Structures are given as C-alpha cells and as structure tokens.
Amino acid sequence: MIDPQTLAARFPAEFLFGVATASFQIEGASKADGRKPSIWDAFSNMPGRVFGRHNGDVACDHYNRLEEDLDLIQSLGVDAYRFSIAWPRVIPDGTGPINEKGLDFYDRLVDGCKARGIKTFATLYHWDLPLTLAGDGGWTARSTAYAYQRYAKTVIARLGDRLDAVATFNEPWCSVWLSHLYGIHAPGERSMDAALHALHYTNLAHGLGVQAIREAQPELPVGIVINPMHVIPGSDSEADRQAAERAFDFHNGVFFGPLFKGAYPESVLSAFGARMPAVEPEDLAIISQPLDWWGINYYTPMRVAHDPAEGAEFPATVSAPPVSQVKTDIGWEVFAPALGDCIRTLNARYDLPACYITENGACYNMGVVDGVVDDQPRLDYIADHLQVTADLIAEGYPMKGYFAWSLMDNFEWAEGYRMRFGIVHVDYDTQARTIKKSGHWYQALAKAHSAAASA
Ligand code: IFM
C-alpha cells in the first residue's frame, strides 16, 4: 500500500485535495422548496432507461442532511469540495421566475463550507436540465444556450462572492454524445443530427456562461470540466492509427477545438458540415474566450480500431480490446498511465490553462462488514493515479488539485444505485454514512499534506 505521508510529500503546498459530487446524484428532495423536474427525473421514471427504474427522489438525502455531510467532508481533512448546482432548483422552468428557496440551499452550502475552511468549486451544469426546456428542444435548441446564460448570471450574482472556482459544464461529452447520439443518458436520443445541434449549443452556452460569470464576478476563476478520451489505437496498423485520430477529433476535438482554438476540427466539419446547426459569425469567438483553468475527469482509456463496415459513419471506429484485464466493478479497464499520456497529448495539441483533476475514482461495490468497508482496490486505484499526477507535476505540467469521485456512493445515472464510487459508503435504507478504507487513507493523505504545507 502506498504510504500517504510519502505520497503527500510529492505535492506542492498549494496543491488542493478535494472530494466531488453532483446535485442530482446526491440531493434527493426532488420536489422540495419549489424544485421542478429535470430531464433526469423524467428519464429515470421511464421504463427501461435506468437500472431498476431507480430515480433521484431521495438519493443520499443530502438536501436534508447538508450540515452533517459538510461535517463529514471536514472530517476527511480535504481542502476543497466540488459540487454542482441544480438549475431546476434555481429557475425551475429553465426560464421565468427565480426560486429564492433553491438559491438559499446553495447559500447554506457555500457558507457551510466557508465556515469549515473548505474551498468551494461549483459546477453550474451537471446534466439536470429543467424538464420544461426539453419541450423547446433542450440542448438541440439555440434558445437553451441563452436560458443557460441567464441561469449562470443568476447563480453567480448570488453566490459568486464566496466561490473559489466555477465550472460552466461537467463532461459535455456525456450531455452531448452519450445523451443525444448513444441514447444512454437523458434525454435518451439516438440521432447524429440532434447530437450535432446539442454539441454546438452546449459549446455556445459555455461561452455565454463565461461572459455572464465574468460580468458578475470578474475575479472568480472560470473553467470547464471535460472528460477527454485518451484514445489508443488497437494496433500499430495505419488503419487503426487513423481511426484513433478520427476518434480523437470526434470525442475531444469537438470540445477542445472550439474552446481552445476557436474552430471545430476539419475532419468533423467535412464529415458533418451540412448537418451542423448554423454557426453564427460571433459564436466561435464567444466559445473560445480564455479560461482560468480546466478540469479533467479521468477513469479509463478508450481503445479503438478501424471499423471496416461499408458506409460506417464518422468516426468509423469499433472498440479494441483492453490491454489490462484489471477492471472495476462497472467493467472499466484500470490503466493509470493513460491519465498522464492524456494530459501530455492535450497539452501538446492545445494551449491549456492550469488543470485540476476534477474527478477520478473507481467503482467497487463492496459493502459494510463489521462496521468496515474494505475497498483496497479503490485505494490502490486512487493512489496509482495520484502517483501519475505527481509525475506530471515533476515534468512541469500545471496540475493544481485532485478531487476524488466521489465523496459518497450515489445515483450512478443509468446504473442507478447499484454502482458505487464513494470513498464513503451510503446505506440507502438508513442513510448511514461509513467512511471506507479508501476514505480513511485519503483522509491521512490530505491531513499529511496540510500538515506539511502549514509546517
Ligand atoms: O458519476 C459520474 C459523474 O457524474 C460524472 N463523471 C463520471 C462519474 C462516474 O461515472
């Protein structure tokens, strides 16, 4: 087992250790204080979409257990908490009246963190789009980008003075491709045309959000959280290498290109140009405003091979087998070196600002035995990825912090509650929280790092 003291010594004093969650996954209280449904409330209540038809009605009941959960975070000794704000609590119909009671909850959350000496990293959009907006086309409609801008402005006007950082979006790859092309996440569309529209309007919303945030709170560090794919060709063949390049453009370039170069990848434009929504003359300038930071969510690499099927749609790839047979309980290959290579590749291709690892962690479903959760594989996973992070810092990459996903077990989207990512176990019958072995180890690491930093 990697010694937390030794590992802590590899990180500079100002490096932040944190834990992360998202509103829909933990809050519950889905009808409390004026909140209205999001697309995930609707989706999870449809047959066949989410395992066991689990939903977010209760989740971890965090909305009603805020103070004790903040005490839990404090007890872990971490520097920062990354959480998301539920648009349907703040502006329940997406547009129209602002719900002060929704904002009050986040006021208490932010003040509670500050009172406990915990830095606040807020994400404005972690997939819970107000359901009313779906009636207008959701992310396939340009109007949603402007509704998002008003939402961003509303949140920052109220909370911005006490936030340490804000992210416009969490993992646009998921809310675009996984939600509109692959049909796995809400709203469950399977249409390239819908996905291409969602792509551009999400990127536009990001840029409009940055404008609104900077106008309301010029000093607040603004960023975005992306889950880039570290694409590895399945073989050395030219066909597989080219497939990996296409996959890179499709999965990463469509976000990093507009954001950091002001342009969509040529390969994507030539594959889909006519099917893209109208890109207005000012859009790419709005999207590519410089950012203060970006976040990477990394779990597993993507291995691809050329798809030989005639007429295969761009990027025309199929999955290639993993090299490591070590997998987490959700079936994702464990391969820590890809985190380092992903950061190296992205920095070589784009001019990127400071970086936080905004999510990293592993799904293991072991339960409580005699008051203990022995999740050694999760501990090893986190430790190995932190070693890679320390290597990146030693190479000179501007890695500023690491947030374990997740603070606690929660609603794992299409997998419902059966897949557990927490460093704290949640008993969904009693809502009891039990710090797992990985959580105790992470606590020792965070405390050792703080002690060294303040020595
Ligand atoms: O639970 C999710 C989170 O909401 C976004 N990033 C990946 C996690 C694990 O799937």
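These numbers come from a predicted model, not from an experiment.

The rules behind each value
Residues numbered from 1 in each chain as written. Predicted model: local features only at pLDDT ≥ 70, side-chain atom pairs only at ≥ 80, totals over all residues. Heavy atoms only, no water. Buried < 20%, exposed > 50% of the residue type's maximum accessible area, 1.4 Å probe, protein only. Helix = DSSP H or I, 4+ residues; strand = E, 2+ residues; numbered from the N terminus. Pairing = 2+ DSSP bridges. Axes fitted to C-alpha atoms, helices over the stretch in contact; angles between N-to-C directions. Contact = heavy atoms within 4.5 Å. UniProt positions renumbered as here; feature names shortened; annotations may be inferred. Near = heavy atom within 4 Å. Polar contact = N/O pair within 3.5 Å; in protein donor to acceptor, adjacent residues only side chain to side chain. Areas by Shrake-Rupley, 256 points an atom, 1.4 Å probe, with all protein chains shown as cover. Nonpolar A, V, L, I, M, F, W, Y, C, P; charged D, E, K, R; others polar.

Caption draft 1: Representation of the pairing of strand β5 (residues 222-226) in the model. For β5, a buried count of five out of five residues is recorded, marking the element as mostly surrounded by other parts of the structure. With burial as the criterion, each face of β5 is covered, one bearing Val-222, Ile-224 and Ile-226 and the other bearing Gly-223 and Val-225. Looking at chain direction, strand β4 (residues 165-170) and β5 are connected through three bridges and run parallel. When the sheet's bridge partners are listed, Asn-170 is paired in β5 with Val-225. In the sheet, β5 pairs with strand β7 (residues 293-297) via four bridges, with the strands oriented parallel. Pairing of Ile-226 across the sheet is with Ile-296, part of β7.

Caption draft 2: Molecular detail of the sheet that holds β5. Spatial strand order, β1-β2-β3-β4-β5-β7-β10-β11: eight strands in a closed barrel with parallel pairing. Across the sheet, the mean angle separating the axes of adjacent strands is 25 degrees when strand polarity is ignored. Sheet topology places β7 next to strand β10 (residues 354-360); five bridges connect them, and they run parallel. Within the sheet, the bridge partner assigned to Trp-293 lies in β10 and is Ala-354. Lying on the sheet, helix α8 (residues 142-159) is in contact with β3 (119-125) and β4; it crosses β3 at an angle near 160 degrees. Sheet strands touched by helix α15 (residues 376-395): β1 (16-20), β10 and β11 (399-405). Its angle to β11, the strand with the most contacts, is close to 170 degrees.

Caption draft 3: Structural context of the UniProt feature "binding site: substrate" (unreviewed entry) in the protein chain. In the UniProt entry, the feature "binding site: substrate" (unreviewed entry) is given for Gln-25, His-126, Asn-170, Tyr-299, Trp-405, Glu-412 and Trp-413. Locating His-126 in the fold gives a position in the loop between β3 and α7 (131-134). When residues no more than four places from it in sequence are discounted, the contact partners of His-126 are Ala-22, Gln-25, Arg-82, Ser-84, Asn-170, Glu-359, Trp-405 and Trp-413. Note on placement: Glu-412 falls in the loop between β11 and β12 (424-426). When near neighbours in sequence (up to four residues on either side) are disregarded, Glu-412 contacts Gln-25, Ile-330, Trp-405, Met-419 and Phe-421.

Caption draft 4: Geometry of the environment of Pro-97. Inspection of the secondary structure puts Pro-97 in the loop between α5 (87-90) and α6 (100-115). Separated by 281 residues in the primary sequence, Pro-97 and Arg-378 place their C-alpha atoms 43 Å from one another. Not counting residues up to four positions away in its chain, the partners in contact with Pro-97 are Val-90, Ile-91 and Pro-92.

Caption draft 5: Region of the structure containing the environment of Gly-209. By secondary structure assignment, the location of Gly-209 is in helix α10 (residues 192-216). In the structure, Gly-209 is positioned 40 residues away from Phe-169 in sequence and 9.3 Å away in space, judged by C-alpha atoms. Not counting residues within four places of it along the chain, the set of residues in contact with Gly-209 comprises Tyr-148 and Ala-152.

Caption draft 6: Here's a closer look at the site of the ligand. The full set of residues close to the ligand is Gln-25, His-126, Trp-127, Asn-170, Glu-171, Tyr-299, Trp-332, Glu-359, Trp-405, Glu-412, Trp-413 and Phe-421. Take Trp-413: an N or O atom from its side chain is 2.8 Å from an oxygen atom of the ligand. Relative to its unbound accessible surface of 280 Å², the ligand loses 95% to contact with the protein. Per-class residue counts for the shell around the ligand are six nonpolar, three polar and three charged.

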